[in-house]
Amino acid sequence: MTTLEDYLEKNTDRIDRVIHRYFGDVHGDLFRASAHLLLAGGKRLRPAVVILAADAVRKGNSDDLIPAALALELTHNFTLIHDDIMDGDAARRGVPTVHTVWDEPTAILAGDVLYAKAFEFICLSDAGEAAKIRAVKMLARTCAEICEGQSMDMAFERRDDVSEAEYLEMVSKKTGVLYGASAAIGGILAGATTVQADALYLFGVNSGVAFQIQDDLIDLLASTEKSGKDRASDIREGKQTLIAIKAREKGIDLAPYRRALTGAEIDDLIARLQDAGIAEEVRAVAVERAGVAKQALSVLQDSEEKRLLAEIADYFIARGN
């Protein structure tokens, strides 16, 4: 029986080979900039979801859909390039960000190149024309929703009254819908029924929400070595995460922590939040969303791919533990 770890490792190798085939020897600053983060690596989780969903619907179909799997990775990377510009980040995946190597106008255009290429690669998949039209429509809608989610996230930083429902809507759009599209597009191109495609989308969105909530916990609780970020950076930057929302509801004022903090101050903050049960409550929301995701898969026939999809939802909430 294939373990999820083995599957993801093999899938990463598979997608990396395709990326190097198409983007490893590009010419000109713009196309080198567009390939920069792609060639820096990554876990290739969204392509894995595309391929697993396709094989869960129709076994052995995924080889025909590698271009679609790549399309979802291109979409993810286009959002990363633009996010890094908006956040002013200097590094990602262990390399300088695109806008710091080149400049902001080039980085914007590099992201746009990946956005356009994503639709081209969807169309290169070996699938029916009607299915490809459905997939392209879903990817277009997803990109618009990601932009809306990013806009909401930025707007939330200027507020101190964001509700849990608003946060979950934002996360669904910023993170969840791309996993939803990954699963549904894989299924659609493999011949999924409407019921199956809807279920795969529900699986992906809820998995993505669980993924982001776990990310918030990792930011707070994990060491810098594990998370790759400074501890409690979300709180220091005033981000309206579910942790911050639940802290406010319990009367814990996080405003004094919006500054550079010592290790002792961070430890004290974590202790306060854990004593109030906030980490447990936030973790419970992530677990609940992962459960909803796995339940959505019940419409599919049992298979190794269905099992691995369910394990991905569990993997998303086990990271950093």
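The sections below set out a description of the structure shown in this document. Worth saying up front: this structure is predicted, and the values here are computed from it rather than measured.

## Some remarks on the overall build of the protein chain
Looking only at helices and strands, one finds 15 helices and two strands in the protein chain. Relative to the globule expectation of 20 Å for 321 residues, the C-alpha radius of gyration of the protein chain, 20 Å, shows essentially globular dimensions. Looking at the protein chain as a whole, 53% of its 321 residues are labelled buried. Within the protein chain, contacts between residues at least 6 apart in sequence are counted, and of these 74% link residues at least 24 apart. Just so you have it, the protein chain exposes about 14,000 Å², and 52% of that area is on carbon and sulfur atoms.

## Observations concerning the side chain of Asp216
Turning to its location among the elements, Asp216 is positioned in helix H9 (residues 194–221). When its relative accessible area of 5% is taken as the criterion, Asp216 is described as buried. Not counting the four nearest positions on each side in its chain, Asp216 is found in contact with Tyr167, Asp234, Thr241, Leu242 and Ile243.

## Section: the pattern of salt bridges
Under the definition given, this model contains 23 salt bridges. Between Glu166 and Arg159 there is a salt bridge, with its nearest N and O atoms 3.0 Å apart. Taking the shortest distance from any N to any O, the salt bridge between Arg307 and Glu311 comes out at 2.8 Å. One end of the pair, Arg307, and the other, Glu311, are both in helix H15 (residues 304–318), four residues apart, so they sit about a helical turn from each other. Because the salt bridges share partners, they merge into one network encompassing Glu164, Lys246, Lys250 and Glu281.

## Here we look at a negative patch on the surface
A surface patch of like charges, here negative, comprises Glu5, Asp6, Glu9 and Asp13. As for its position among the elements, Glu5 is in helix H1 (residues 4–23). Under the relative-accessibility criterion, Glu5 is labelled exposed at 64%.

## Here's the deal with the packing of helix H3 (residues 45–57) against H15
Packing of H3 against H15 brings their axes to within 8 Å, and their N-to-C directions diverge by 150°. Here H15 runs roughly antiparallel to H3, going by the angle between their axes. Note that H3 runs across H15; the crossing there is left-handed. For the pair H3 and H15, contact is made by Leu45, Val49, Leu52, Ala53, Asp55 and Ala56 and by Glu305, Lys306, Leu308, Leu309, Ile312, Tyr315 and Phe316, respectively. Looking at the contact of H3 with H15 residue by residue, the class counts come to ten nonpolar, no polar and three charged.

## Some words on the packing of H3 against helix H8 (residues 164–189)
The contact between H3 and H8 brings their axes to 7 Å, and the two run at 35°. The handedness of the crossing between H3 and H8 is right-handed. The residues of H8 that touch H3, namely those facing Leu45, Arg46, Val49, Val50, Ala53, Ala54 and Val57, are Leu178, Tyr179, Ser182, Ala183, Gly186 and Gly187. Residues belonging to the contact of H3 with H8 are distributed by class as follows: nine nonpolar, three polar and one charged.

About the cut-offs
Residues numbered from 1 in each chain as written. Predicted model: local features only at pLDDT ≥ 70, side-chain atom pairs only at ≥ 80, totals over all residues. Heavy atoms only, no water. Helix = DSSP H or I, 4+ residues; strand = E, 2+ residues; numbered from the N terminus. Rg over C-alpha atoms; globule rule 2.2 N^0.38 Å. Buried < 20%, exposed > 50% of the residue type's maximum accessible area, 1.4 Å probe, protein only. Contact = heavy atoms within 4.5 Å. Areas by Shrake-Rupley, 256 points an atom, 1.4 Å probe, with all protein chains shown as cover. Salt bridge = Lys/Arg side-chain N within 4 Å of Asp/Glu carboxyl O. Patch = residues over 30% accessible without salt bridge, like charges linked within 9 Å, V, L, I, M, F, W, Y side chains within 5 Å. Lys, Arg positive; Asp, Glu negative; His and termini not counted. Charge placed at Lys NZ, Arg CZ, Asp CG, Glu CD. Axes fitted to C-alpha atoms, helices over the stretch in contact; angles between N-to-C directions. Parallel < 35°, antiparallel > 145°, perpendicular 65-115°, else oblique. Left-handed = near helix turned anticlockwise from the far one by under 90°. Nonpolar A, V, L, I, M, F, W, Y, C, P; charged D, E, K, R; others polar.

Just distances and angles here, no functional claims.
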